[in-house]
Amino acid sequence: MTERVDPFRMANAIRALAMDAVEQAKSGHPGMPMGTADIATVLFTQFLKFDATAPQWADRDRFVLSAGHGSMLLYALLYLTGNATMTIDEIKHFRQLGSRTPGHPENFLTPGIETTTGPLGQGIATAVGMAMAERHLAAQFGADLVDHHTYVLASDGDLMEGISQEAIALAGHLRLNKLIVLFDDNGISIDGPLSLSDSVDQLKRFEAAGWAAERIDGHDANAIAAAIARARGSDRPTLIACKTTIAFGAPTKAGSEKSHGSPLGAEEIAGARKKLGWDAAPFEVPADILAAWRAAGARGAVAREAWTRRLAAKEPAVRDEFTRRMAGELPKAALAKAVTETKAKLAAAPKELATRTASEQMLEVLTAAVPEMVGGSADLTGSNNTRPKGMAAFSEATPAGRFVHYGIREHGMAAAMNGMTLHGGIIPYSGTFLIFSDYLRPALRLAALMGERAIHVLTHDSIGLGEDGPTHQPVEHLAALRAIPNLNVFRPCDVVETLECWQLALEAKDRPSVLALTRQNLPQLRLANDAANRCAAGAYEISPATGAAQVSIFASGSEVSLAVEAQKLLAAKGVAARVVSVPCMDLFLEAPPTARAAVIGNAPVKVAVEAAVRQGWDAIIGADGIFVGMSGFGASAPYKQLYQHFGITAQAVADAAQARLAGK
């Protein structure tokens, strides 16, 4: 049995490793890990349910370091508790190329890290999604398989970011009582004392949002433990404001902004070691302290083994379904059957639909086949069409429900979706208008960085939304979203492409997706019953030329049918044209050069048409290609008038192609 070690000495191991790593890197944030070491020590040694040898255990407690700049806290904890991939050599290579200890935590790089943080506010908002996932899966599979807490360590900056308000309001409304936020209440920001810019009473703020809240001494181990114990017994989420001193133990920089984002320096570190009673060499941890930490890391093995036995004892169907969902694997046979049968019906009875309506109809089929799909909307359910008939709402009373009313909280919604997919067992999708992708972009970018499957249904995708005018008409948004690496932006042209794009989004396990959908009706152009998913290529010839093509017309979404009309106008003039649908430029540009060249073709005139800005299209049509689209903001009018007004018409496409052929 490991001899009990003073928690203060255990906390000092975190402080020392943080000081040493930041000093060696000559870069980093030592103040936060030093100030919160006592909090982390109590949490990890007394409460957090985890097994350091199994960082992916499904029923572990989740710990989110929302204040990602303090990453050395997390790296120190992983090393001390015995995470196999976090060696002392990794600590020594903090912030160096190729290490598992980057400047901010990256979950895809370092096992044991639950989510990538750094942009303030994202961690606490993502944690809300994790707590929602725990609540939902517990309702579906039972508390004997799903019963864990989500802990967050948050900073002043996290709570000042606007996304935090969206997140805490949603969590309070849903009464996510297994969500516990430990607030590093140190009163310091980069510019100096927090009082320079903020005077919010955070306890009252959280209480107003439906949370329990209290303030304690963040350096008193007994007070920390008692507060966490109270929080674990609460019927609502809890904020524990822990009064701390940034860079605790540093002789001259403790309590100062000077310790926030810079190395302490050799002299200050020497003084801190003396003040803390820490005489070990840099990067060394005394054997008794390391043994105590390793014992803490092994403490959860008994609980994990008991859980494994409970899972094994479940009915095979339940066990297999839970395991499949947590592994992120799709029910392939059910999904394939749903897609095949739906395609056959559409071939037999074509439909003219807005793609948002087409999406709604596809969701009826897909959510039945893929039960881990959990939908939602940012208070635009009737416009985004994201709630299939009969889908129950997720709420405190009905946690098994699969539709989340996020309210007008796009940013918080996107972060919560990240939390759900990171937790595992859920494929989240939700909706808002494409114009409001600006509100959720930071969380969507993080999903792309992390390689997480979150699906965003963004409707009203162009001037085609009509009378709401330029404040609601996206112009630059498709280009802006396509600029995000590892994000698939789908813009289907009809009901069949909508189905295929949904299938691709579900199958894209390692990236998020956007479905940009129309308000206006579109004709069904895909009339054949194609077995293959043609959208998987990103672009394909949807309407070939008669004879050798003189013109290639490329389009996405609502403009594909317009391109087909232009093809007919050109044919009447004796000009052979072909039409290429580009439902996903991202997938197309990832294809091998030979595949792209085959789709682009060698017609002398290339035209792209999209009711958006040109940016991105030159990769297909070239810098000298013709673009028919938007070059400024829209206007308020019926959509057909707007297309005429801005010159996005079949005639305009045909005229531009003929003029180029004539050398004009």
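Preceding block: the structure.
Residues numbered from 1 in each chain as written. Predicted model: local features only at pLDDT ≥ 70, side-chain atom pairs only at ≥ 80, totals over all residues. Heavy atoms only, no water.

### Points about the sheet that holds strand β16 (residues 540-543)
Just so we agree on the cut-off: Any two strands with at least two DSSP bridges between them are considered paired. The helix and strand labels rest on DSSP assignments: H or I over at least four residues marks a helix, E over at least two residues marks a strand, and numbering proceeds from the N terminus. Helix axes are fitted only over the stretch in contact, all axes being lines through C-alpha atoms; the angle between N-to-C directions runs from 0 to 180 degrees.
With mixed pairing, the 5 strands of this open sheet are ordered in space as β16-β18-β17-β19-β20. Only two strands of the sheet have a single neighbouring strand rather than two, namely β16 and β20 (626-629). This sheet shows a mean twist of 30° between the axes of neighbouring strands, independent of strand direction. Bridge count between strand β17 (residues 551-555) and strand β18 (residues 577-581): 5 bridges; the pairing is parallel. In the sheet register, S552 faces β18, and the bridge partner there is R578.

### Details of the environment of R482
Convention followed: Only protein chains enter the accessibility calculation, which uses a 1.4 Å probe. A residue is then buried if its area is under 20% of the maximum for its type, exposed if over 50%, and partly exposed in between. In what follows, residue pairs with any heavy atoms lying within 4.5 Å of each other are defined as contacts. Polar contacts here mean pairs of N or O atoms no more than 3.5 Å apart (in protein, one a potential hydrogen donor and the other a potential acceptor; neighbouring residues in sequence count only if both atoms are side-chain atoms).
Within the fold, R482 resides in helix α19 (residues 477-482). Note on R482: relative accessible area 13%, which makes it buried. Sequence separation of R482 and S430 is 52 residues, and the distance between their C-alpha atoms is 19 Å. When neighbours within four sequence positions are excluded, R482 is seen to be in contact with V489, S556, M585, D586, E610 and W617. Engagement of the side chain of R482 in a polar contact is seen with the side chain of E610, the distance being 2.9 Å.

### Side note on the side chain of S155
Considering the arrangement of structural elements, one finds S155 in the loop between β2 (150-154) and α6 (156-160). The exposure class assigned to S155 is buried, which follows from its relative accessible area of 7%. Apart from the residues within four sequence positions on either side, S155 is in contact with A67, H69, L120, F183 and D184.

### Remarks on the packing of helix α14 (residues 332-348) against helix α15 (residues 355-369)
Put simply, the test is: By definition in this entry, angles of less than 35 degrees are roughly parallel, angles greater than 145 are roughly antiparallel, angles of 65 to 115 are roughly perpendicular, and the rest are oblique. Note: crossing handedness is left-handed where the near helix turns anticlockwise from the far helix by less than a right angle, and right-handed where it turns clockwise. Gly counts as polar in this scheme, as do all residues outside two lists: the nonpolar Ala, Val, Leu, Ile, Met, Phe, Trp, Tyr, Cys and Pro, and the charged Asp, Glu, Lys and Arg.
The interhelical angle for the contact between α14 and α15, taken along N-to-C directions, is 155°, at an axis separation of 8 Å. Relative to α15, the element α14 is oriented roughly antiparallel. The hand of the α14/α15 crossing is right-handed. On α15, the residues touching A334, L335, A338 and T342 of α14 are M362, V365, L366 and A369. Looking at the contact of α14 with α15, its residues break down into 7 nonpolar, 1 polar and no charged.

### Quick look at α14
The line we're drawing: To estimate how far a helix should reach, multiply one less than its number of residues by 1.5 Å. Here, the arc refers to the directions that run from the helix axis to the C-beta atoms.
Here α14 spans 24 Å end to end across 17 residues, near enough to the 24 Å set by a 1.5 Å rise per residue. Buried within α14 we find L335, A338, V339, T342, K343 and L346. Across the axial projection of α14, the buried residues extend over an arc of 125°, all falling on one side. Exposed side chains of α14 directed beyond 90 degrees from the buried face belong to A333, K337, T340, K345 and A348. Residues of α14 that are buried sit in contact with α15 and α20 (495-507).

### Focus: the sheet that holds strand β13 (residues 488-490)
Across the sheet, which stays open at both edges, the 6 strands sit in the order β10-β9-β11-β12-β14-β13 with parallel pairing between neighbours. A strand with exactly one partner marks an edge of an open sheet, and here the two such strands are β10 (403-405) and β13. When the angles between neighbouring strand axes are averaged without regard to direction, this sheet yields 20°. Sheet analysis places strand β12 (residues 455-459) next to strand β14 (residues 513-517), joined by 5 bridges and oriented parallel. Its bridge partner being in β14, L458 is matched across the sheet by A516. Packed onto the sheet, helix α17 (residues 410-423) meets β9 (373-377), β10, β11 (427-433) and β12 and runs at close to 165° relative to β11.

### Considerations on the packing of aromatic side chains
Quick note on the threshold: Between rings of Phe, Tyr and Trp, where Trp is taken as its six-membered ring, a pair exists when centres lie within 6.5 Å; planes separated by under 30 degrees are stacked, by over 60 edge-to-face, and by other angles tilted. Here, a charge over a ring is recorded when the distance from Lys NZ or Arg CZ to the ring centre is within 6 Å and its angle to the ring normal is within 35 degrees.
Counted by the stated rule, this structure contains 12 aromatic pairs. Taken together, a centroid distance of 5.2 Å and an interplanar angle of 75° make the contact between F141 and F322 edge-to-face. A residue pair is termed long-range when its members are at least 10 positions apart, and F141 in helix α5 (residues 122-141) and F322 in helix α13 (residues 316-327) qualify at 181 residues. Here the two residues F141 and F322 agree in accessibility, since each one is buried. Summarising the aromatic geometry, the rings of Y429 and W502 are spaced 5.6 Å apart at their centres and angled 90° between planes, so their arrangement reads as edge-to-face. With Y429 in strand β11 and W502 in helix α20, the pair connects residues that are 73 residues apart, well separated along the chain. Given a relative accessible area of 0%, W502 falls into the buried group. The rings of W57, F141, W307 and F322 are connected pair by pair, giving a single aromatic cluster. Seen from the ring of Y79, R294 lies directly overhead, with NZ or CZ sitting 5.2 Å from the centre.

### Side note on the pattern of salt bridges
Any two side chains of opposite charge can pair, so long as their charged atoms come close to each other. As a reminder, the rule being used: Put simply, a salt bridge is a Lys or Arg side-chain nitrogen that is within 4 Å of an Asp or Glu carboxyl oxygen.
Summed over all chains, the structure comprises 33 salt bridges. Across the pair E364 and K389 runs a salt bridge, and its minimum N-O distance is 3.8 Å. Linking E364 in helix α15 with K389 in the loop between α16 (381-384) and β10, this pair joins segments that are 25 residues apart in sequence. When its relative accessible area of 27% is taken as the criterion, E364 is described as partly exposed. A salt bridge links E541 to R578; the shortest N-O distance between them is 2.6 Å.

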